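# Breakdown of the fold
In case you want the letters, here they are:
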Amino acid sequence: MGIETSCDETGVGFVENGKLLGDALSSSMAEHVRFGGVVPEIAARAHVSALVPTVRQALNNADLSLADVGAVAVTAGPGLATALHVGVAAAKAYALALDVPLYAVHHLAGHAAADTLEHGPLPPRCVVLIVSGGHTSLLLVEDLVRIPIVHLSDTLDDAAGEAFDKVARVLGLPYPGGPSIDRAARSGDPAAVAFPRPLTGPGDDALGFSFSGLKTAVARYVERGPAAGVSVEDIAASFQESVADVLTLKALRACRAMEVDTLVIVGGVAANSRIRALAQQRCDEAGVELRVPPMRLCTDNGAMIAAIGDLLVQAGAAPSPERFPATPTIPLTDAQLY
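Residues numbered from 1 in each chain as written. Predicted model: local features only at pLDDT ≥ 70, side-chain atom pairs only at ≥ 80, totals over all residues. Heavy atoms only, no water.

Quick look at the overall build of the protein chain now. A count of helical and extended segments in the protein chain gives 12 helices and 10 strands. For 338 residues, the compact-globule estimate of 2.2 N^0.38 gives 20 Å, and the C-alpha radius of gyration of the protein chain, at 20 Å, lies within 12% of that figure. Burial analysis of the protein chain (338 residues in total) assigns 53% to the buried set. Considering only contacts in the protein chain between residues 6 or more positions apart, those separated by 24 or more positions represent 74%. Put simply, the protein chain shows about 13,800 Å² of open surface, and 53% of that area lies on carbon and sulfur atoms. Each charge sign in the protein chain was given a centre, from 24 positive and 37 negative side chains, and these centres are 4 Å apart. (Helix = DSSP H or I, 4+ residues; strand = E, 2+ residues; numbered from the N terminus. Rg over C-alpha atoms; globule rule 2.2 N^0.38 Å. Buried < 20%, exposed > 50% of the residue type's maximum accessible area, 1.4 Å probe, protein only. Contact = heavy atoms within 4.5 Å. Areas by Shrake-Rupley, 256 points an atom, 1.4 Å probe, with all protein chains shown as cover. Lys, Arg positive; Asp, Glu negative; His and termini not counted. Charge placed at Lys NZ, Arg CZ, Asp CG, Glu CD.)

Structural data, given as structure tokens:
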């Protein structure tokens, strides 16, 4: 059983030997919309209310009972402190009551594991691009649970998903910004505005990311007043094209540098239609296999946490200590945090 409460989704999933048996998700997104972003205390209270019903729903969907659970995995970090505490406390209670092993896992490792539920085990070596509201990272993954994960690059400032939210606000589009910009961009011209491609100059970090300046460029363009005939949809499409261009360019560059032939893109922003399409086009041209989970497994969910827990069980990993903490900020080097 996997439990995920790092942000505003309460997720529970059940995985056995790499197969997703069933899962359920409860989101408090509607409660945050009027604030234009996630309010941690509201999210935590929603987790408290939703967690037990979500466990029950996931059990029903998987046609299981609690007696069938052989181990529990939970997101112990990173994430919102108050939200993480709810999931960690619940996972400890379930593991104690059921007398089964408990695994404290890294949220981002769960995102990478989500792809295994659709495409099977990861290859011996691959590059993983994680793009979400709080993270934009390129990783070299050799074995998700047995070998430390190598960070090739991390964003210097705003993550891609954060930039989507902020630009959507500038354009007057509803929160969350990622889906709003994706929808608006479908009827816009991606070449209407020549927004910059951050850190793509000759002297820049070849694999580095930075989206704060791009966000500012969009804001300044809107403040000055768009050129005649340029619509909100055009601006959204042009911004989205810049992000997709940079992400896929650097991901393929990492594949070449690491001499790997598989690229895995995960995280909430991986649901963006243009990023998926451009990544597929560039991977096909480069002879690189592209693996992206289904959209419902890109955003935070309990299935991905169950998947990483299942991998840890298969690898014979020792359970986490009983008193492990929730850790709001922690880099991804190992799938199991404690």
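What follows concerns the pairing of strand β2 (residues 9–16). Most of β2 sits out of view: 7 of its 8 residues are buried. The sheet contact formed by strand β1 (residues 2–4) and β2 spans 3 bridges and is antiparallel. By the bridge assignment for β2, E4 is matched with G11. Linkage of β1 to β2, two consecutive antiparallel strands, is achieved through a turn of 4 residues. Sheet topology places β2 next to strand β3 (residues 19–27); 8 bridges connect them, and they run antiparallel. The residue bridging F14 from the neighbouring strand is G22, located in β3. Turn length for the β2-β3 hairpin, with the two strands adjacent in sequence and antiparallel, is 2 residues, and the turn residue N17 shows positive phi of about 50°. (Pairing = 2+ DSSP bridges.)

Take the sheet that holds strand β8 (residues 150–154) next. The strand order β8-β7-β6-β9-β10 describes an open sheet built from 5 strands, whose pairing is mixed. Here the strands that pair on one side only, and so sit at the sheet edges, are β8 and β10 (289–291). Neighbouring strand axes in the sheet, compared pairwise and without regard to direction, differ in orientation by 20° on average. Where strand β7 (residues 136–141) meets β8, 4 bridges bridge the pair, whose relative direction is antiparallel. Following the sheet pairing, S137 is matched in β8 by D154. (Axes fitted to C-alpha atoms, helices over the stretch in contact; angles between N-to-C directions.)

Turning our eyes to something else, we now look at unusual backbone geometry. Looking along the chain, the bond that leaves G77 and enters P78 is cis, with omega of -10°. Take P78: it is sitting in the loop between β4 (72–77) and α3 (81–98). Y175 connects to P176 through a cis peptide bond whose omega is 0°. One can find P176 in the loop between α6 (160–171) and α7 (177–185).

This part takes up the packing of helix α2 (residues 40–62) against α3. Contact geometry of α2 with α3 gives a least axis separation of 7 Å together with a crossing angle of 25°. It follows that α2 is roughly parallel to α3 by the angle criterion. With respect to the hand of their crossing, α2 and α3 are arranged in right-handed fashion. Here P40, E41, A44, H47, V48, L51, V52 and V55 of α2 lie close against α3, whose contacting residues are T82, A83, V86, G87, A90 and Y94. (Parallel < 35°, antiparallel > 145°, perpendicular 65-115°, else oblique. Left-handed = near helix turned anticlockwise from the far one by under 90°.)

What follows concerns the nonpolar core. Among the nonpolar cores identified, the biggest contains 48 residues, and L129, F195, F239, L247, L263 and I265 are the most heavily contacted of them. Looking at this core, the elements that each hand over two or more residues are β6 (126–131), β7, α6, α7, α8 (212–224), α9 (232–258), β9 (262–266) and α10 (273–286). Discounting chain neighbours no more than four positions away, the residues touching L247 are L129, V131, T136, A160, F209, F211 and I275. Counting residues in hydrophobic clusters, the runner-up holds 31 residues, among them C126, L297, L312 and L332. (Core = buried A, V, L, I, M, F, W, Y, C linked by side-chain atoms within 4.5 Å.)

Among the 8 residues of helix α4 (residues 107–114), 8 are classified as buried, and the element is accordingly described as predominantly covered. Buried residues of α4: H107, L108, A109, G110, H111, A112, A113 and A114, and no others.

This part takes up the side chain of E4. Note that E4 resides in strand β1. Put simply, E4 is tucked away with no salt bridge, and the nearest opposite charge, on R296, sits 14 Å away. In terms of polar contacts, E4 uses its side chain to reach the side chain of S6, at 2.4 Å. The contacts of E4, once residues within four sequence positions are left out, are E9, T10, G11, T75, H107, D300, N301, G302, M304 and I305. (Salt bridge = Lys/Arg side-chain N within 4 Å of Asp/Glu carboxyl O. Polar contact = N/O pair within 3.5 Å; in protein donor to acceptor, adjacent residues only side chain to side chain.)

Secondary-structure assignment places L337 in the segment after α12 (302–314). Under the relative-accessibility criterion, L337 is labelled buried at 15%. C-alpha of L337 to C-alpha of A104: the two residues are 233 residues apart in sequence and 5.7 Å apart in space. Leave out the neighbours within four places in its chain, and L337 touches A76, G77, A104, V105, H106 and I330.

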